[in-house]
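Here is what each chain is made of, one letter per residue.
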Amino acid sequence: MTTQTTSGGFKSIVKIAWRNLWRNKKRTLITASSIFFGVILSALMGSMQEGSYQKMIENVARFYAGHAQIQHKDYPDNQSTNNSFVPSDSLTIKLNNTEGIDMVVPRLESFALASSGNQTEGVMVLGVNPEQEDEMTELSDKIVEGNYFDGPTQLLAGKELAENLGISPGDTLVMISQGLHGVSAFGKYPVAGLFSHPNPELNRQLVYLPLDEAMYFFQAFDHVTSLALVGNSQKAVNKAIPEIKQHLEQDQVLRTWQEMFPAILQQIESDRATALIMKLILYLVIGFGILGTVVMLMAERQHELSLMVAVGMHRSKLALMLLLEILWMGVMGVIAGFIGSLPVIAWFASHPVPITGQAGEWMKNIGFEPYMFFAWDVGVFLEQMLVVFVLTLLISFYPFVRAFKISPIVGLRN
Amino acid sequence: MAIITIKDLQKTYNSSQVPVHALNGVDLTIDEGEFTAIVGPSGSGKTTLLNIIGGLDDPNDGQVIINDTEINHLSRAEKIDFRLHHIGFIFQAYNLIPVLTARENIEFILELHGIPKSKRRLRSNELLEAVGIPEKADIRPRQLSGGQQQRIAVARALASSPRFILADEPTANLDSASADNLLTIMEELNKKEKTTFIFSTHDARVVKKARRVVTLEDGKIKSDSKK
Ligand SMILES: Nc1ncnc2c1ncn2[C@@H]1O[C@H](COP(=O)(O)OP(=O)(O)O)[C@@H](O)[C@H]1O
Ligand SMILES: [Mg+2]
């Protein structure tokens, strides 16, 4: 007598697995929908996270510093006009021609004392090109009183600074500082308008001057402290970095917003860690839901699984059969979750959720718009789909392993 | 010719506090073509004996030799293949895979053998006919009566023409008419297909149909009579 191994029965395995899936429709649907909601929830959480990060980055990068800046190599350590530089025309042209860079915005920035009457405040003077600056940061939209640069020798002041100094549009501000190479700087400027920036620190300290006027004030003709680079996304700018670095002179450095604002990066990182814990809890809840179903299913099928081994089916086929069933359930839930989360996230992406009450006030105070923003980021979906699917896969290990331990002794339970 | 030779079979269950000697030195030879009943009161060791013959359970001592193969020396996987190729099983109840129809349950075994669809169909038709319920071919077990389920189980056990069939109390859950009917079918197939049948029972009317009756008591053979 011979005992040859047989590989037949795969069609039956697939058939049985498929029919088993629909044997307890309610349970299959409950399990699949827990996966479905898991994908939606985690995708929603993920897109909310990414949305808020993008907003934060946008606030500093897009609306203030640029995605990156070119500075004098000593400027990061000592932000003085002495560490400014004269950008060559060829550099500006090359930067403008770099793919991924939309704008190159020159700025001259330093500190000064500003006084009106007998009030004096330390201020940050930012010399900007009015048109370019407006294009980049939409500064004119932030004017709350007066106008956006009426004339070449006028300035814009932060709302809070103006209150502290007791000035309003039309008044004159006197500023003194130290210019290039230690010359003394002195100027009298009429106030064209007051702006309100979401960042309260800027509101309290910042004064905008037209670039030429700032150069004159600091006696730093043609000098800038930075060239702000703006692309249509951080990614596009990051891609362009190696090329930009080739154009730089020896005493110039390129700094990304991450390098300029490490605190924001840190905040994002720590927020990611917190969010990961929340997601892990969510995955755990989904995971145990699926596991519960699977454990129940295995207990119920004990008899027939034993029967199949008794009559000559290999346990490996049994394992495959159970794996198929759980995977189908997972795939169903994940695909439904993907399709279901598309409209939900699309809606939220275009309808940020306002944060009201104290939390909203608090956000405004620390310089954020009081909204929950959602990112429309396909990567987030795919990631969550994948995670939940892998979770299902992990859980299907349980029946898979159990299948190899099924006893062929057919009990009478059922 | 001997198809099964059993020598000094011992089986002790140690799961409870007191060890249970379910089989206490069983010697038995089954010849080809037999239609043999294993009888004895509940707890006498019938199920244990059939499970060990079928390679579903292992003895503590002794041998089961099927033709020239000592089944308990086979690996786990080899035992499965051995069962598939040489033994048909009928259990007391719930013999069928619930999500497959009657016909699919019969053909399931044939598919495990890798037999092509057209041949499977011929064989399942033949067996459905033989067990007398061809009209139930496409019905799932849940919608069959207990007797009909057992008849399909007989057909399934015979599907690949195994050397012998082990049936552990196949009529225990049936009323006497259905039990009688099932035994008649088994008897006919024993003759027609020349398949050896070994079935356990404690139903006197079923015992009457057997051509050989082996009586177990406390894990030992108490009597062995042939008609
Ligand atoms: N898995 C088991 N664990 C412990 N004892 C068992 C087990 N299976 C059977 N037995 C015991 O072995 C003896 C024989 O049982 P069994 O073979 O089922 O007898 P029968 O089928 O004749 O009723 C009984 O005393 C029974 O309680
Ligand atoms: Mg029994």
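Everything that follows concerns the structure shown earlier in this document.
Treat the numbers as computed from the prediction; the structure is a model and nothing was measured.

Here is what the cut-offs are and how they apply
- Residues numbered from 1 in each chain as written.
- Chains lettered and ligands numbered in written order.
- Predicted model: local features only at pLDDT ≥ 70, side-chain atom pairs only at ≥ 80, totals over all residues.
- Heavy atoms only, no water.
- Helix = DSSP H or I, 4+ residues; strand = E, 2+ residues; numbered from the N terminus.
- Rg over C-alpha atoms; globule rule 2.2 N^0.38 Å.
- Buried < 20%, exposed > 50% of the residue type's maximum accessible area, 1.4 Å probe, protein only.
- Pairing = 2+ DSSP bridges.
- Salt bridge = Lys/Arg side-chain N within 4 Å of Asp/Glu carboxyl O.
- 1 Å grid on protein atoms, 1.4 Å probe; cavity = no way out; pocket = protein on both sides within 12 Å on 5 of 7 lines; lining within 4 Å.
- Points joined across faces, edges and corners; volume = space filled by probe spheres on them.
- Axes fitted to C-alpha atoms, helices over the stretch in contact; angles between N-to-C directions.

### Structural notes on the overall build of chain A
Along the backbone of chain A there are 14 helices and twelve strands. For chain A, the C-alpha radius of gyration of 32 Å lies well beyond 22 Å, the compact-globule estimate for 414 residues. Taking the principal axes of its C-alpha atoms as reference, chain A extends roughly 105 × 50 × 30 Å. Counting all 414 residues of chain A, 49% fall into the buried class.

### Points about the pairing of strand 9 (residues 212-217) of chain B
Residue and element names in this part refer to chain B. Counting buried residues in strand 9 gives five out of six residues, a clear majority hidden from the surface. Pairing of strand 3 (residues 35-39) with strand 9, which is carried by four bridges, proceeds in the parallel orientation. What sits directly across from valine 39, in strand 9, is threonine 215. Taken together, strand 9 and the strand that follows it, strand 10 (residues 220-226), pair antiparallel across an intervening segment of two residues, in which aspartate 218 is found at a positive phi of about 45°.

### Observations regarding the pattern of salt bridges
Residue and element names in this part refer to chain A. Summed over the entire model, instances satisfying the criterion amount to 23 salt bridges over all chains. Of the charged contacts in the structure, one is a salt bridge between glutamate 163 and lysine 159, with a shortest N-O distance of 3.1 Å. Taken together, the residues glutamate 163 and lysine 159, both in helix 5 (residues 159-165) and four residues apart, mark about one turn of the helix. With relative accessibility at 52%, the residue glutamate 163 sits in the exposed group.

### Details of empty space enclosed by the protein
Per the counting criterion, the structure on display carries four cavities of 30 Å³ or more. Roughly 70 Å³ of volume is contained in the largest cavity. Surrounding the largest cavity, Val311 of chain A together with Leu84, Ile87, Gly88, Phe89, Ile109, Arg156, Ala157 and Ser160 of chain B form its lining. If you list the elements that add at least two residues to the lining of the largest cavity, you get strand 6 (87-90) and helix 5 (146-158) of chain B. Top element by residues in the lining of the largest cavity is strand 6 of chain B. It accounts for three residues. Reported here for the second largest cavity is a volume of approximately 40 Å³. Around the second largest cavity, the lining residues are Leu50, Asn51, Leu56, Phe89, Ile90, Phe91, Leu166, Ala167 and Asp168 of chain B. For the lining of the second largest cavity, the secondary-structure elements that each account for two or more residues are helix 1 (46-53), strand 6 and strand 7 (164-168) of chain B.

### Quick word on the sheet that holds strand 6 of chain B
Residue and element names in this part refer to chain B. Spatial strand order, 6-7-8-3-9-10: six strands in an open sheet with mixed pairing. Each end of this open sheet is capped by a strand with a single partner; those strands are strand 6 and strand 10. Recorded for the sheet is a direction-independent mean angle of 15° between the axes of neighbouring strands. Here strand 3 pairs with strand 8 (residues 196-201) via five bridges, running parallel.

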